[in-house]
Amino acid sequence: KAGVTQTPRYLIKTRGQQVTLSCSPISGHRSVSWYQQTPGQGLQFLFEYFSETQRNKGNFPGRFSGRQFSNSRSEMNVSTLELGDSALYLCASSQSGGDTGELFFGEGSRLTVL
Amino acid sequence: DQQVKQNSPSLSVQEGRISILNCDYTNSMFDYFLWYKKYPAEGPTFLISISSIKDKNEDGRFTVFLNKSAKHLSLHIVPSQPGDSAVYFCAASFSLSGGYNKLIFGAGTRLAVHP
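Scoring rules and cut-offs
Counting of residues starts from 1 at the beginning of each chain's written sequence and follows it residue by residue. To read the labels, note that chains go from A and ligands from 1, taken in the order they are written. In view of the model being predicted, local features appear only for residues whose pLDDT reaches at least 70, and side-chain atom pairs are presented and counted only at 80 or more, with totals across whole chains, interfaces and linings using the full set of residues. Here the side-chain values reflect all heavy atoms present in the structure, with hydrogen atoms and water set aside. The helix and strand labels rest on DSSP assignments: H or I over at least four residues marks a helix, E over at least two residues marks a strand, and numbering proceeds from the N terminus. For the radius of gyration, the atom set is restricted to C-alpha positions; the globular benchmark scales as 2.2 Å times the number of residues to the power 0.38. Any residue under 20% of the maximum accessible area for its type is buried, any over 50% is exposed, and the rest in between are partly exposed; the area is computed with a 1.4 Å probe on protein chains only. Any pair of residues with heavy atoms lying within 4.5 Å of one another is described as a contacting pair. In these tables, accessible area is a Shrake-Rupley quantity obtained with a 1.4 Å probe, and a residue counts as shielded only by the protein chains included in the view. Working convention for charge: Lys and Arg count positive, Asp and Glu count negative, and His plus the chain ends are omitted. For this purpose, a charge sits on NZ of Lys, CZ of Arg, CG of Asp or CD of Glu. Residues belong to one nonpolar core when they are buried, are Ala, Val, Leu, Ile, Met, Phe, Trp, Tyr or Cys, and are joined through side-chain atoms within 4.5 Å.

A. Inspection of the overall build of chain B at higher detail. Along the backbone of chain B there are 0 helices and 11 strands. Counting helices and strands in the order they occur from the N terminus, chain B gives β-β-β-β-β-β-β-β-β-β-β. A compact globule built from 115 residues would reach a C-alpha radius of gyration of about 13 Å, and chain B, at 14 Å, matches this within 12%. Across its three principal directions, the C-alpha atoms of chain B cover 45 × 30 × 25 Å. Out of the 115 residues belonging to chain B, those deemed buried represent 47%. Here the analysis covers contacts within chain B between residues at least 6 apart in sequence; of these, 53% occur between residues at least 24 apart. For chain B, the exposed surface amounts to about 5400 Å²; the carbon and sulfur share of it is 49%. Chain B carries 11 positive and 9 negative side-chain charges, and their two centres are separated by 3 Å.

What follows is the structure in structure tokens.
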């Protein structure tokens, strides 16, 4: 069974640009969550999608958005990039999100903003 | 407001000894706790969990202890091995309306096990 796949793995952008990251969950998983990892801050919750609906959102500005498609694949978008957006963005999937919370993570997309 | 705190950013332990990683939380509504392990260039992987109705869960060399009155949990690794060197994240979960859970993570503790 294939794991969670995130693309691209690495990317470099400049301030003011926008970026779109993609996540393909494990087959059969309907819940997709996004996290931002920065040194010293751990994993900060961005949002969670289930059946194409955003069910929960973290404390990030509106520049961060996402969506989920009918095949459960998800994308997140960051507009008007700032230097502080440089981070590892992790996607995680679970079957329903209504279980005990175990998530399966992808390897992440490392974004560098110059 | 950090609801899950890992106050030790790093820990160094000799191979064969016990590693103890600590985690504190503030929200008494949390009902499930998990530990994840992360190697460089990889995503976090689930290690062990514990429900709030228990105070201990053991899986091989890994044991998690939960002290609800102190809002504290710890992960014990015995004996520690060099392959255990990684960043360990503590996470907590609580049931939200709608029946689904959201994981809140700590900042992580980098464990180094040296020969």
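B. View of unusual backbone geometry. Along the chain, A:Thr7 connects to A:Pro8 via a cis peptide bond; the corresponding omega equals -10 degrees. Structurally, the position occupied by A:Pro8 is in the loop between strand S1 (5-7) and strand S2 (10-13). The residue after B:Val78, namely B:Pro79, is reached through a cis peptide bond having omega -15 degrees. On the secondary structure map, B:Pro79 appears in the loop between strand S8 (72-77) and strand S9 (86-95).

C. The arrangement of the nonpolar core in detail. Counting 25 residues, the largest nonpolar core has B:Phe30, B:Phe33, B:Trp35, B:Leu73, B:Leu75 and B:Tyr88 as the members making the most contacts within it. Elements supplying a minimum of two residues to this core: strand S3 (19-25), strand S4 (32-38), strand S5 (45-51), strand S7 (62-67), S8, S9 and strand S11 (109-114) of chain B. Of all the elements, S9(B) adds the most residues to this core, at 5 residues. Aside from chain neighbours lying at most four places away, what touches B:Leu75 is B:Ser19, B:Ile20, B:Leu21, B:Trp35, B:Leu47, B:Ile48, B:Phe62, B:Thr63 and B:Tyr88. Counting 21 residues, the second largest nonpolar core, distinct from the first, contains A:Leu11, A:Leu46, A:Tyr49 and A:Met76.

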